[in-house]
Amino acid sequence: MAYPLRAVWRINDSRDEGSPIQFLISIPKKRLRHAVDRVKMRRRVREAYRLKRHDFHNILPGNIDLAIIYVADTLKDYHIVEKSMCRIFRKIYNEKDTEHSGVDTD
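These numbers come from a predicted model, not from an experiment. (Residues numbered from 1 in each chain as written. Predicted model: local features only at pLDDT ≥ 70, side-chain atom pairs only at ≥ 80, totals over all residues. Heavy atoms only, no water.)

I'd like to hear about the overall build of the chain, residue by residue, with values.
From N to C terminus, the chain includes two helices and three strands. Of the accessible surface of the chain, which amounts to about 6,800 Å², a share of 47% is contributed by carbon and sulfur atoms. (Helix = DSSP H or I, 4+ residues; strand = E, 2+ residues; numbered from the N terminus. Areas by Shrake-Rupley, 256 points an atom, 1.4 Å probe, with all protein chains shown as cover.)

What follows is the structure in structure tokens.
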């Protein structure tokens, strides 16, 4: 959790071609009722990912499947989303040495 985003990821060794990170962005209708607001937040999250991915691609462990879920009830500024994206990438990097991924398997 890196408010206003929540990330769920796993290392996917079976995928060997394409981008090292495949990601999904989910902006639930339950959180932002208006489609205009959902599209605006989706664009902000996608732009934060696009600008920050190059800083972390070389240090991330293998191929990663990443789901980013928006959890706030209101629109957030871009700089807040950008800081949250950096925290998510740092958490993935810090957990690369452990066997635990961002998904609970229990």
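Outline the packing of aromatic side chains, listing residues and values.
In the structure shown here, the tally under the stated rule is two aromatic pairs. Taking 4.0 Å as the distance between ring centres and 35 degrees as the angle between the ring planes, the aromatic pair formed by phenylalanine 23 and tyrosine 49 counts as tilted. Within this pair, whereas phenylalanine 23 is found in strand E2 (residues 21-26), its partner tyrosine 49 is found in helix H1 (residues 35-56), the two being separated by 26 residues in sequence. Ring plane angle 40 degrees and centroid distance 6.0 Å describe the contact between tyrosine 49 and phenylalanine 89, whose orientation is recorded as tilted. You can see tyrosine 49 sitting in helix H1 and its partner phenylalanine 89 sitting in helix H2 (residues 78-94), a full 40 residues away along the chain. In textbook terms, an aromatic cluster arises when at least three aromatic residues are bridged by ring pairs, as seen for Phe23, Tyr49 and Phe89. (Phe/Tyr/Trp six-rings, centres within 6.5 Å; stacked < 30°, edge-to-face > 60°.)

Provide a residue-level description of the pattern of salt bridges, including the pertinent values.
One pass over the full model with this rule turns up four salt bridges. A salt bridge links arginine 50 to glutamate 47, with the shortest nitrogen-to-oxygen separation between them at 2.8 Å. Taken together, the positions of arginine 50 and glutamate 47, both in helix H1 and three residues apart, correspond to about one turn of that helix. The class of glutamate 47 is partly exposed, set by a relative accessible area of 30%. Residue glutamate 82 is joined to lysine 52 by a salt bridge in which the shortest nitrogen-to-oxygen separation is 3.6 Å. Linking glutamate 82 in helix H2 with lysine 52 in helix H1, this pair joins segments that are 30 residues apart in sequence. With relative accessibility at 21%, the residue glutamate 82 sits in the partly exposed group. (Salt bridge = Lys/Arg side-chain N within 4 Å of Asp/Glu carboxyl O. Buried < 20%, exposed > 50% of the residue type's maximum accessible area, 1.4 Å probe, protein only.)

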